[in-house]
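Coordinate inspection notes
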Amino acid sequence: MTKEEFRKQAHLLVDWMADYLEEKENYPVTPSVKPKAIFNQLPGSAPENAESFEQIFEDFKEIVLPGMTHWQHPSFFAYFPANNSEPSILAEMLMSTLGAQCMSWLTSPAATELEEQVCDWLRDAKGIDSSWKGVIHDTASTATLSAILTAREKATRFQINERGFSGNQVFRIYSSSHVHSSIDKAVKIAGIGVQNLVRIPVDENFSMIPSELEKAILADKETGYLPLCVVSALGTTSSTAVDPIDEITQITQKYGLWHHIDAAFAGTALLLPEFQHLIQGHQGADSYVFNPHKWMFTNFDCTVFFIREPQYLVNTFSLTPEYLKTQLDDQVNNYRDWGIQLGRRFRALKLWFVIRTYGMEGIRAKLRNHLVLAQKAKSWIENEADMEILAPVNFNTICFRMNPANLPSDQLNSLNESWMNRVNQTGKVFFSHTKLNGSYVIRWVIGQTDVQEKHIAAAWSLLKEEKQKLLAEQTP
Ligand SMILES: *Cc1c(COP(=O)(O)O)cnc(C)c1O
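An unreviewed UniProt entry lists the protein under the name Aromatic-L-amino-acid decarboxylase, with Algoriphagus faecimaris given as the organism. For the record of the protein, the UniProt heading Cofactor (unreviewed entry) holds the text "pyridoxal 5'-phosphate". The annotation that UniProt attaches to the protein under Sequence similarities (unreviewed entry) is "Belongs to the group II decarboxylase family."

As structure tokens, then:
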């Protein structure tokens, strides 16, 4: 592509992007395509001859776009959001234009130093202890794996890195029974074995019960296991339940365990001072992760990982072969040593653009707006005789279901499943579900960048309408 052609196409593309962002709610939130529908429209072999950008972009619109889920649609209420925003998109364009690989200070000093500073900004804005240091990863899964590997290496004085498992030590990792699957995965990859992930019972709010944690640790010690790490959740994926960080930290300190706090989604709420009490006592914990790519208007991927003693992280991951050594290694951060991968994207630029464009106050205002909308939706559900909410609404996620007559639980579950599927099939909204104590519940997450009251009001009408239709069909 010539530079001239690039300039022309880029201008056209930016216009298309701006139109898309203005009109995104006119698309169905989820596509209605059958498996392989997209695959079968693509040629079976790579084109030998050059094709025009016009043709490629035409196919993007004709083939790709109809097969996309529109995550930026304001009526996307499923999973957790993966928000973007205009400043984040602009930063991403600059990042890909520079095309820098930011593995060490020397390979782009500005990338390293911007990363240091935006991590400090976020640490301070969240009320995390000022002695902690941050690093940006791709995902929370990666950050949690690096926390568990670091815990393992600290506990064994870096001996497993050196010699491998001797086969004798059996480590134990503790989490609540509502733990995210990324912890299972990290435990597997770290060689600890998923059987050694101990799921601690939760209370009626789905929060880990600290006395049960301590009991499990003591029982394991008695049996000869090596308790290694607790992964607590600040906002579980099912229902955004919050584990008691303070009490868990006291236990991890008492028994010398690593405490990693998984705040992947709800951690963004700590930007609001009124939520910072949730991490009271974290100073004695060891690491903390949250995803600006979920609820902080920074497009995927962007995860910030904070750690109290980064030297353990660096000792776990650094290996500097001759060709990567530089003269400044003792004066600068080489972030390649702060995690698993060598090559790194310049993700700090997105955060810098987003934070400066909104200002922290602007971000807080958006978050508070989401929280107010969630309280509104919660009150609508509460006032409906045949609906109920099955978990505390700690942030902006509501777990609810219909519960019309005295139905047996499996019938009730399938009724709610049909309800959600019917609502989703309209293409106007997208909800996802979870199970709480065996009950099928719809999760309503109100955190999309541009969601407004009109969107939740429309979703609410749709939910009620489809409920009436479904119940009418059920009646013989
Ligand atoms: C989303 C989520 C994760 C995984 O996040 P990725 O960045 O996709 O790896 C982990 N833990 C919790 C609590 C989450 O909500």
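**A look at the overall build of the protein**
Assigned secondary structure in the protein consists of 14 helices and 11 strands. For the protein, whose C-alpha radius of gyration is 24 Å, the value lies close to the compact-globule estimate of 23 Å for 476 residues. C-alpha extents for the protein along the principal axes are approximately 65 × 65 × 45 Å. The contacts of the protein with a sequence gap of at least 6 include a subset with a gap of at least 24, amounting to 73%. For the protein, the exposed area adds up to about 22100 Å²; of that, 52% sits on carbon and sulfur atoms.

**A closer look at the packing of aromatic side chains**
Tallied over the entire structure, the rule returns 26 aromatic pairs. Ring geometry for Phe57 and Phe60: centres 5.6 Å apart, planes at 10°, overall stacked. Separated by three residues within a single helix, Phe57 and Phe60 lie in helix H2 (residues 53–64), roughly one turn from each other. Their ring planes at 25° and their centres at 5.4 Å tell us that Phe275 and Phe395 sit as a pair that is stacked. Placement of the pair is Phe275 in the loop between strand E5 (258–262) and strand E6 (287–290) and Phe395 in the loop between strand E8 (387–389) and strand E9 (397–402), with a sequence separation of 120 residues. Summarising the burial analysis for this pair, Phe275 and Phe395 share the class buried.

**Looking at helix H7 (residues 181–189)**
Of all the residues in H7, the buried ones are Ser182, Ile183, Asp184, Ala186 and Val187. Packed against the buried residues of H7 are helix H5 (140–155), strand E2 (171–176), strand E3 (197–200), strand E4 (226–233) and E5. Once H7 finishes, Gly191 follows within two positions and takes phi at roughly 80°, a positive value.

**What to know about the pairing of strand E11 (residues 439–445)**
Burial analysis of E11 places seven of its seven residues in the buried class, which makes it a mostly covered element. Because side chains alternate across E11, one face comprises the buried residues Ser439, Val441, Arg443 and Val445, and the other comprises Tyr440, Ile442 and Trp444, equally buried. Inspection of the sheet shows E9 paired to E11 by four bridges, in the antiparallel sense. The residue bridging Phe400 from the neighbouring strand is Ile442, located in E11. Relative to E11, strand E10 (residues 432–436) runs antiparallel, the two sharing five bridges. Bridging across to E11, Lys435 finds its partner in Tyr440.

**Quick notes on the environment of His259**
Summarising the element assignment, His259 is placed in strand E5. For His259, a relative accessible area of 0% gives the class buried. Every residue in contact with His259, bar those within four places of it in the chain, is listed here: Val230, Ser232, Ile245, Ile248, Thr249, Thr252, Ala285, Asp286 and Ser287. In terms of polar contacts, His259 uses its side chain to reach the side chain of Thr249, at 3.1 Å.

**A word on the UniProt feature "modified residue: N6-(pyridoxal phosphate)lysine" (unreviewed entry) in the protein**
UniProt annotation of "modified residue: N6-(pyridoxal phosphate)lysine" (unreviewed entry) refers to Lys294 when read in the numbering used here. Tracing the sequence through the fold places Lys294 in helix H10 (residues 292–295). Discounting chain neighbours no more than four positions away, the residues touching Lys294 are Phe80, Pro81, Ala82, Asn83, Ala264 and Phe265.

**Focus: the pattern of salt bridges**
Close approach of charged atoms allows side chains with opposite charge to pair. Evaluated as defined, the whole model comprises 29 salt bridges. Linking Glu212 and Lys215 is a salt bridge whose minimum nitrogen-to-oxygen distance equals 3.4 Å. With a gap of three residues between them, Glu212 and Lys215 both fall in helix H8 (residues 210–223), about one helical turn apart. Via salt bridges that share partners, Glu92, Asp301, Arg345, Arg347 and Lys350 belong to a single interconnected network.

**Points about the nonpolar core**
With 47 residues, the main nonpolar core has Leu122, Leu234, Tyr288, Phe306, Leu351 and Phe395 as its most contacted residues. Taken together, the elements giving at least two residues each to this core come down to helix H3 (86–98), helix H4 (109–125), E6, strand E7 (303–307) and helix H12 (348–382). Looking at which element gives the most residues to this core, the answer is H12, with eight residues. There are two domains that each give this core at least three residues, and those are domain 1 (1–30 + 69–84 + 359–476) and domain 2 (100–345). In this structure, Val179, Leu228, Ile307 and Leu313 belong to the second largest nonpolar core, which totals 30 residues.

**Some remarks on the sheet that holds E8**
With antiparallel pairing, four strands are arranged side by side in an open sheet as E8-E9-E11-E10. Either end of the sheet is taken by a strand with one partner, and the two such strands are E8 and E10. When the angles between neighbouring strand axes are averaged without regard to direction, this sheet yields 40°.

**Examining the site of the ligand**
Residues in close proximity to the ligand total 13 residues, the closest being Ala140, Ser141, Asp262, Asn291 and Lys294. In the model, an oxygen atom of the ligand is placed 3.1 Å from a nitrogen or oxygen of the Thr237 side chain. If you list the elements that add at least two residues to the shell around the ligand, you get H5 and H10. Residue classes in the shell around the ligand are distributed as three nonpolar, eight polar and two charged.

The rules behind these values
Residues numbered from 1 in each chain as written. Predicted model: local features only at pLDDT ≥ 70, side-chain atom pairs only at ≥ 80, totals over all residues. Heavy atoms only, no water. UniProt positions renumbered as here; feature names shortened; annotations may be inferred. Helix = DSSP H or I, 4+ residues; strand = E, 2+ residues; numbered from the N terminus. Rg over C-alpha atoms; globule rule 2.2 N^0.38 Å. Contact = heavy atoms within 4.5 Å. Areas by Shrake-Rupley, 256 points an atom, 1.4 Å probe, with all protein chains shown as cover. Phe/Tyr/Trp six-rings, centres within 6.5 Å; stacked < 30°, edge-to-face > 60°. Buried < 20%, exposed > 50% of the residue type's maximum accessible area, 1.4 Å probe, protein only. Pairing = 2+ DSSP bridges. Polar contact = N/O pair within 3.5 Å; in protein donor to acceptor, adjacent residues only side chain to side chain. Salt bridge = Lys/Arg side-chain N within 4 Å of Asp/Glu carboxyl O. Core = buried A, V, L, I, M, F, W, Y, C linked by side-chain atoms within 4.5 Å. Domains from an automatic or database assignment. Axes fitted to C-alpha atoms, helices over the stretch in contact; angles between N-to-C directions. Near = heavy atom within 4 Å. Nonpolar A, V, L, I, M, F, W, Y, C, P; charged D, E, K, R; others polar.

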